[in-house]
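Working through the structure, step by step
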Amino acid sequence: MNKMRKLIGIALLGLWCLSLHVHTLQAVSPAKLREVTAEEVQKIEKAMPRRTTVRVRRPRKLLVFWRCEGFFHKSIPVVNKALEIMGQKTGAFDVVTTDDYSVFTTENLKQFDAVCLNNTTGLKFNPNETPERCKALMDFVKNGKGIVGVHAATDNFNQWAEAREMMGGKFTGHPWTSGGTWAIKIDEPDHPLMKAFKGKGFKIKDEIYRTDAPLYSRDKQLVLMSLDMSDPTTRNVKGFKPTDVDTGTAWVKRWGKGRIFYCSLGHNDEIFWNPAILRHYLDGIQFAFGDYKVDTKPKPIVSSGKGIEMAELQELLEKVKTYDWGQSRLALTEVSDIIKKAHSSPAELKKIEKSLLGVLTSDAKRAGKQFVCRELSIIGTEQSVPVLGKMLTDDETSDMARYALERIPGTAVNDVLRRALRTAKGNPKVGIINSLGQRRDRRAVRALGRLVGDSDQTVAAAAAAALGQIADSRATKALAEAKDKTSGKLQMLVLDSYLRCADQLVADGKRSEALAIYKELQKQGNPAPIRTAALRGMLSAAKR
Amino acid sequence: MIRDKELNRRQFIKRAAGTAAAVISFPHIVPTSALGKAGNVAPSERITMGFIGVGGMGTNNMRGFMSNRDVQVVAVCDVVKGSDQYGHWYKRGWKGSWFGREPARNIVEEHYAGRKESGVFKGCSAYVDFRELLVRDDIDAVCISTPDHWHAIPVIMAAKAGKDIHCEKPLSLTIAEGRAMVEAVQRHGVVFQTGSQHRSTDEHLRFACELIRNGRIGELKRIVVFLNGSSIHGPWQPMGVPDELDYNMWLGPAPWVPYHEDRCLYSFRYILDYSGGETTNTGAHCYDIAQWANDTEHTGPVEIEDLGGEFPRDGLYNAPNKIHFRARYANGVELISQPFGRGEIERFARFEGTEGWIDVGWRIVRTHPESLKTSVIGPNDVHLYKSNDHKRNFLDCVKTRREPITPVEVGHRSASVCHLANIAMLLKEKLRWDPDKERFVNNEQANRMLSKPMRSPWHL
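Our subject in this report is the structure included herewith. (Residues numbered from 1 in each chain as written. Chains lettered and ligands numbered in written order. Predicted model: local features only at pLDDT ≥ 70, side-chain atom pairs only at ≥ 80, totals over all residues. Heavy atoms only, no water.)

Some thoughts on the packing of helix α13 (residues 283-294) of chain B against helix α15 (residues 408-427) of chain B
Residue and element names in this part refer to chain B. With their axes 8 Å apart at the nearest point, α13 and α15 run at an angle of 115° to one another. When the axes of α13 and α15 are compared, the crossing they make is right-handed. Contacts between α13 and α15 involve Gly283, Ala284, Tyr287, Asp288 and Gln291 from the first element and Val410, Arg413, Ser414, Val417 and Cys418 from the second. (Axes fitted to C-alpha atoms, helices over the stretch in contact; angles between N-to-C directions. Helix = DSSP H or I, 4+ residues; strand = E, 2+ residues; numbered from the N terminus. Left-handed = near helix turned anticlockwise from the far one by under 90°. Contact = heavy atoms within 4.5 Å.)

Structure representation (structure tokens):
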């Protein structure tokens, strides 16, 4: 009985702990917000700018929406209060604060000049389930009003792609947690909305969200500030992915006739008694109202190799140069990740390809060069052919060069293979023959025809097989001649390739030529498997 | 009409091949009553076999085939002379057991010890190079149980030599290799069985598929396969090659890299140069059953999407440690492969239709409605290929020249699902696939991954 009680006790304790855990995870949105303390109010007021940057023509109205269907940020009441004080102190705007969805109707939104999403999460905007609500908000913006996003404002619109695009970001994680201090660089020091920071980067203790392409893109939004990866603490955060090199922390963009201003800072309360940040938000809000006319033109990363990734890549490739089997291959994986991220951009890939070729011409070890060849096999172009071509005749590098070359389309590859064939020996020679066959290079037929008569049996066999892969009319002729000049195992291969030529003729619609070959191969004296296959070929050709 | 006792089956067929008809249509040389009969098996009914790859699985296969009285094993081949290191934390049952060509040869010779005296059994050869096995005229059929990167070349060469073939799953290392195998097998008209033995050993799988094909759960909408990835390997250092292993031959067409004991024997399957990880190891079984149920055995999906597959960032193994993808078929069916947690059905699949669902595990079948479990597949219903013994099915087909339960095209298409999945997860993309042309639509990088260039002197 005691044992039973003990078990029940433990179970109950477990459940209670679990419920706590769930609470911490979910931070359930309270029905009523806590009161901001007098002390906090004092701090906010002290830090608050006295005046707006742009003269207020007429007082504006800001809707501050703070509803959370997901995680509830404890800073929400502080932000609400700060915005209220901001509007009052500067006289620039009135604030209406709510978490009630009913405000999102065309009628109700009319009175506002901008909507501030204060750390909202998982908002119920679904074009299928709440079409009117979505239309109201989208029309509001597109017809010329604004959105101000604070911190978790990008953790919304899972079911509404257009809104995610509008925000220019969607929360997927925050390696830079609220207890850490992170470095931020000002990308647009001369931009009016960055005046608050006086052109200097700064360090801040707050939670920063990851920003993912393609939703977040410097092609689509003007990024005002971002994480400074030259700061080791920021760069070496746990869980850092190579794609995090560009993590924006504030941006503006146009959306229809409307305006979007987003700032990632706002998890910790003290953000809202930081004078520079309050100035920044105030300027952003005035921009969202339409009162502060600022540049919103996105600045795509210029494709001249100055992108942030290239620096990262160069650093990693130095590690690839010293890499050997048995060491950690983490740097190689990171290179692969960067390459993968550039897959949809031929211009970026071309730059990356050039950098990779640099490793092949260096004194990198075999292991590092093989890795590079594997990557080039996927993204390599004609640009890689000369360097790879030079590797074809060397025993140690021939196979890895062919690993890349065989997968790269185009005649330049075939040319370089044929050229190397002239001087290659041993395994490299056989490998080149195999690659020419695999690529079905018709211009190699003459050389291959000669090689079927080579004294090296492996070379001869490879040439015979390659001709069977190419299987054009000249290859067929070469094999027809060779079959009477060869014997034993080699002849068997020649006959098999000759058979494949017949199959190809059938596929090309040249039935009578094919049948002639099948008949020949079906005759007595040919090896049994050849005869069987020839017979099958004859019957299937006849059926068509 | 056999006069000469020594005349084996192949020679008999050769002599009988006086006319085209005899060669092509192979009439029943062996009366059906002879199939599987006990007692001494006449030479003309005996199937001589060679075993390429006699590691753990290969030796298992060999024993299985050998237990059929109409099989005579005359040759084994392996690049490992003999080793007791095949045991692996995944295969505790193999720990300490000896596998490789010499142990295999011993097993064979012991089995046939009695017959050696009578002169019927001439001994078992043990080769390092499979090509020497394939030139033997006295071998009717081969069983290939090599690592995946060593399936294509032996299969194609065996087909060219006119041998019937039993090849382990997954059929191929790449989609291109799979297609090349199909072409060679069909060109030479040999009998081919893919080692998807679950179709034969697990009756409940066929039953589940028949329920689905006969619309017992309405229209099939969704198939969910529960499959976890493989483990991550810690730091490693190149090791000296053990005497009993011909490492260069073991690598074969795969790129040269230094030896480590976890590269070969059992764990080759966790390295993408040689295999496809758990996606192929167990997935080949699961997606094969999914394709069987979905009636898409000779085609494939039209879309394949990564849903968050993960690959080890460091260490020796690079096969996915998390498998998560979705395939869409032209008939609207969705196939999702996702990791499973505790309490979920391990492996195989859950089939969801408009009027019910079926949960299929290694042993269990759960259905909704429950009554489906005792549903009867009637005489006018769709009946799927029935086989009670995968190896016996192959042997019977060698004799009747009929297609076995998992012929080469079906094996190729099942393996293709695995390869498509790995490609999508590696690229982290959503890809469109043309199952007729067997190419990706508008993605050159993905198309380059359909084949792997081979190390000299090997070629397809």
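A word on helix α5 (residues 131-142) of chain A
Residues and elements named next belong to chain A. Taking 1.5 Å per residue, 12 residues should reach 16 Å; α5 reaches 16 Å between its end C-alpha atoms and fits that length. Turning to α5, its buried residues number three or more, namely Arg133, Cys134, Ala136, Leu137, Met138, Phe140 and Val141. Those residues of α5 hidden inside the fold are in contact with α4 (106-109), β3 (114-118), β4 (146-150), α6 (161-167), β8 (248-255) and β9 (258-263). Count one or two residues on from α5 and you reach glycine 144, which has phi positive near 120°. (Expected span 1.5 Å × (residues − 1). Buried < 20%, exposed > 50% of the residue type's maximum accessible area, 1.4 Å probe, protein only.)

Quick word on the pattern of salt bridges
All names here are of chain B. Counting across every chain of the model gives 63 salt bridges over all chains. The closest approach of N and O atoms between arginine 199 and glutamate 297, which form a salt bridge, is 2.6 Å. Taken together, the positions of arginine 199 in helix α9 (residues 198-201) and glutamate 297 in the loop between α13 and β8 (303-306) put the pair 98 residues apart, joining distant regions of the chain. For the pair formed by arginine 199 and glutamate 297, the shared burial category is buried. Note that arginine 350 and aspartate 359 form a salt bridge whose closest N and O atoms lie 3.1 Å from each other. (Salt bridge = Lys/Arg side-chain N within 4 Å of Asp/Glu carboxyl O.)

Describing the interface of chain A and chain B
Frequently, the measure chosen for interface size is the accessible area removed from exposure when the parts meet. Between chain A and chain B, the residue contacts involve 45 residues of the former and 40 residues of the latter. Between chain A and chain B, the buried area comes to about 3,800 Å², and carbon and sulfur atoms account for 52% of it. Its largest share of buried area at the contact with chain B, chain A owes to Trp325(A), Arg329(A) and Arg407(A), together 16% of the area lost on that side. The tally of links between chain A and chain B comes to four salt bridges. Taking the shortest distance from any N to any O, the salt bridge between Asp503(A) and Arg187(B) comes out at 2.6 Å. The tally of links from chain A across to chain B stands at 26 residue pairs in polar contact (both at pLDDT 80 or more). (Buried area = accessible area lost by both parts, 1.4 Å probe. Polar contact = N/O pair within 3.5 Å; in protein donor to acceptor, adjacent residues only side chain to side chain.)

Remarks on the sheet that holds strand β5 (residues 181-186) of chain A
Residue and element names in this part refer to chain A. Sheet architecture is open: nine strands sit in the order β2-β1-β3-β4-β9-β8-β7-β5-β6, paired in mixed fashion. Every interior strand has two partners, whereas the edge strands, β2 (93-98) and β6 (202-205), have only one. Going across the sheet, the axis of each strand differs from the next one's by a mean of 20°, ignoring polarity. In terms of strand pairing, β5 meets β6 through four bridges, oriented antiparallel. (Pairing = 2+ DSSP bridges.)

Describing the environment of Phe197(A)
Relative to the assigned elements, Phe197(A) resides in the loop between β5 and β6. When the C-alpha positions of Phe197(A) and Glu35(A) are compared, they lie 30 Å apart, and in sequence the two are 162 residues distant.

Notes on the environment of Ile433(A)
Residue and element names in this part refer to chain A. With respect to the element layout, isoleucine 433 can be found in helix α16 (residues 426-438). You can call isoleucine 433 buried: its relative accessible area is 0%. Sequence separation between isoleucine 433 and alanine 462 is 29 residues; the distance between their C-alpha atoms is 6.4 Å. Excluding its chain neighbours within four sequence positions, the residues that come into contact with isoleucine 433 are Leu421, Leu448, Leu451, Val459, Ala462, Ala463 and Ala466.

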